[in-house]
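Structural description and commentary
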Amino acid sequence: MRHLIGIEDLTNEEIDNLIATAEDIIANPDKYAEVCKRKKLATLFYEPSTRTRLSFESAMIELGGSVIGFSEAQSSSAAKGESVADTAKVISCFADIMVMRHFKEGAPMVASLNSTIPVINAGDGGHNHPTQTLTDLLTIKREKGRLDNLVVGLCGDLKFGRTVHSLISAMARYKNVKFVLISPDELKIPDYIKHDVLERNGIEYIETASLEDAMPNIDILYMTRVQRERFFNEQDYIRLKDSYILTPEKLDNAKSDLAILHPLPRVNEISVAIDKDPRACYFRQVLNGKYIRMALIKFLLEAKNEG
Ligand code: NCD
């Protein structure tokens, strides 16, 4: 049984194939309209979501399948004290594939160990968010035409931002990708990513607090929201929340073909004045999320049938 718990569950070739399938879906949507006929996707969301849950739902519907699920823990048996393991066993009786977002790191992994259907991690605490990363990779591929030879600037909450952790792990696999990690001291990238992903693989990176200094050298700017829900105290959040606000003036010394990404939701970190700049990719990125999730659902259901 194949699951997607972390981006490391996919080989480079499988990622390339998912991107190629997503591009084919974009070009020939009708070809895929019945791929998941009579199949059900279950969405188990214990944490808030707009894009991730609705993109999975529309992905399944566009593949001809249907969707069941819940969008808050309080409306599920979690409120009565049911364990993730038991819920996974139950959902395995109803659906063909499940997507889980949970505030606890590792919850989708626990679900996968207790499930007889594929489990997709749609974000676990401050840990990983592999389907956002697939979305980001498809976006970078479509915007820049390549995934190698890039300088990737990641800016904001690199400590709690799960999308950042998964994206670094994925981009680190491509040739000549360098990272500029832009954050306040308190929100620096966790040591395990620095040591196990970057240093172990000899990947070039710098850490800086200055977005202005980083700007002229980067090809991709990945902005992130300060993750309020992961802070232990509100005072720290208030102090750090506006560390970076991207305004048109700050792009004065940026490359003309910079690609600005953001997993969204945005709070304050990108001024709405940037939205009309052709370098702003974040709303195109949202749509890419639907296509790559179509490709992923198709892939995991096919792998299940072959198994
Ligand atoms: C991200 C998440 O949930 O981690 N959102 C998303 O899925 N697009 C980013 C965030 O919440 O800041």
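As a starting point, this report considers the structure included with it. (Residues numbered from 1 in each chain as written. Predicted model: local features only at pLDDT ≥ 70, side-chain atom pairs only at ≥ 80, totals over all residues. Heavy atoms only, no water.)

Here's the deal with the environment of Glu-212
Here Glu-212 is to be found in helix H8 (residues 211-214). On the accessibility criterion, Glu-212 (44% relative accessible area) is partly exposed. Residues Glu-212 and Ile-182, spaced 30 residues apart in sequence, show a C-alpha to C-alpha distance of 9.9 Å. Leaving out residues up to four positions away in the same chain, Glu-212 has contacts with Lys-250 and Asn-253. (Helix = DSSP H or I, 4+ residues; strand = E, 2+ residues; numbered from the N terminus. Buried < 20%, exposed > 50% of the residue type's maximum accessible area, 1.4 Å probe, protein only. Contact = heavy atoms within 4.5 Å.)

Some thoughts on the site of the ligand
In the vicinity of the ligand, the contacting residues are Arg-51, Thr-52, Arg-101, His-129, Gln-132, Arg-162, Thr-163, Arg-225, Gln-227, Pro-263, Leu-264 and Pro-265. Between an oxygen atom of the ligand and a side-chain N or O atom of Thr-52, the distance comes to 2.9 Å. Within the side chain of Arg-162, one N or O atom sits 2.7 Å away from an oxygen atom of the ligand. When the free accessible area of the ligand is taken as 320 Å², the share hidden by the protein chains comes to 94%. Those elements giving two or more residues to the shell around the ligand turn out to be helix H2 (51-62) and helix H6 (162-171). Of the residues in the shell around the ligand, the class split is 3 nonpolar, 5 polar and 4 charged. Each of two domains, domain 1 (7-129 + 287-306) and domain 2 (132-285), supplies a minimum of three residues to the shell around the ligand. (Near = heavy atom within 4 Å. Polar contact = N/O pair within 3.5 Å; in protein donor to acceptor, adjacent residues only side chain to side chain. Areas by Shrake-Rupley, 256 points an atom, 1.4 Å probe, with all protein chains shown as cover. Nonpolar A, V, L, I, M, F, W, Y, C, P; charged D, E, K, R; others polar. Domains from an automatic or database assignment.)

A closer look at the packing of helix H5 (residues 130-144) against helix H10 (residues 282-306)
In helix packing, the relevant descriptors are the interaxial angle and the interaxial distance, both defined with respect to the helix axes. In the contact formed by H5 and H10, the axes pass within 8 Å of each other and the chain directions differ by 115°. The element H5 and its partner H10 pack so that their crossing is right-handed. Where H5 abuts H10, its residues Thr-131, Gln-132, Leu-134, Thr-135, Asp-136, Leu-138, Thr-139, Arg-142 and Glu-143 lie against Arg-284, Gln-285, Asn-288, Gly-289, Tyr-291, Ile-292, Arg-293 and Leu-296. Of the residues contributing to the contact of H5 with H10, the split by class is 5 nonpolar, 7 polar and 5 charged. (Axes fitted to C-alpha atoms, helices over the stretch in contact; angles between N-to-C directions. Left-handed = near helix turned anticlockwise from the far one by under 90°.)

So, the pattern of salt bridges
By the definition in use, this model includes 22 salt bridges. One salt bridge in this structure joins Glu-62 and Lys-290, with 2.8 Å as the shortest N-O distance. Of this pair, Glu-62 sits in helix H2 while Lys-290 sits in helix H10, and the two are 228 residues apart along the sequence. On the accessibility criterion, Glu-62 (35% relative accessible area) is partly exposed. For the salt bridge of Lys-188 with Asp-185, the shortest nitrogen-to-oxygen distance reads 3.5 Å. Owing to a relative accessible area of 33%, Lys-188 belongs among the partly exposed residues under this scheme. (Salt bridge = Lys/Arg side-chain N within 4 Å of Asp/Glu carboxyl O.)

Examining the nonpolar core
Across soluble globular proteins, nonpolar side chains have a tendency to be buried as a group. In terms of nonpolar packing, the biggest core is built from 57 residues, with Leu-134, Leu-154, Ile-168, Met-171, Phe-179 and Ile-297 touching the most fellow members. Not counting residues up to four positions away in its chain, the partners in contact with Leu-154 are Val-164, Leu-167, Ile-168, Phe-179, Val-180, Leu-181, Ile-182 and Tyr-222. Listed in part, the 21 residues of the second largest apolar core include Val-151, Ile-182, Tyr-244 and Ile-270. (Core = buried A, V, L, I, M, F, W, Y, C linked by side-chain atoms within 4.5 Å.)

As for the sheet that holds strand E3 (residues 97-102)
Strands sit in the order E2-E1-E3-E4 across an open sheet of 4 strands; the sheet is parallel. Here the strands that pair on one side only, and so sit at the sheet edges, are strand E2 (66-70) and strand E4 (119-124). Between one strand and the next, the sheet's axes are offset by a mean angle of 15°, whatever the strand orientation. In the sheet, strand E1 (residues 40-45) pairs with E2 via 5 bridges, with the strands oriented parallel. Counterpart to Leu-41 in the pairing with E2 is Val-67. Set on the sheet, helix H3 (residues 84-94) makes contact with E1, E2 and E3; between it and E3 the angle comes to about 150°. (Pairing = 2+ DSSP bridges.)

Fair warning: the whole summary comes from geometry, so function is off the table for now.
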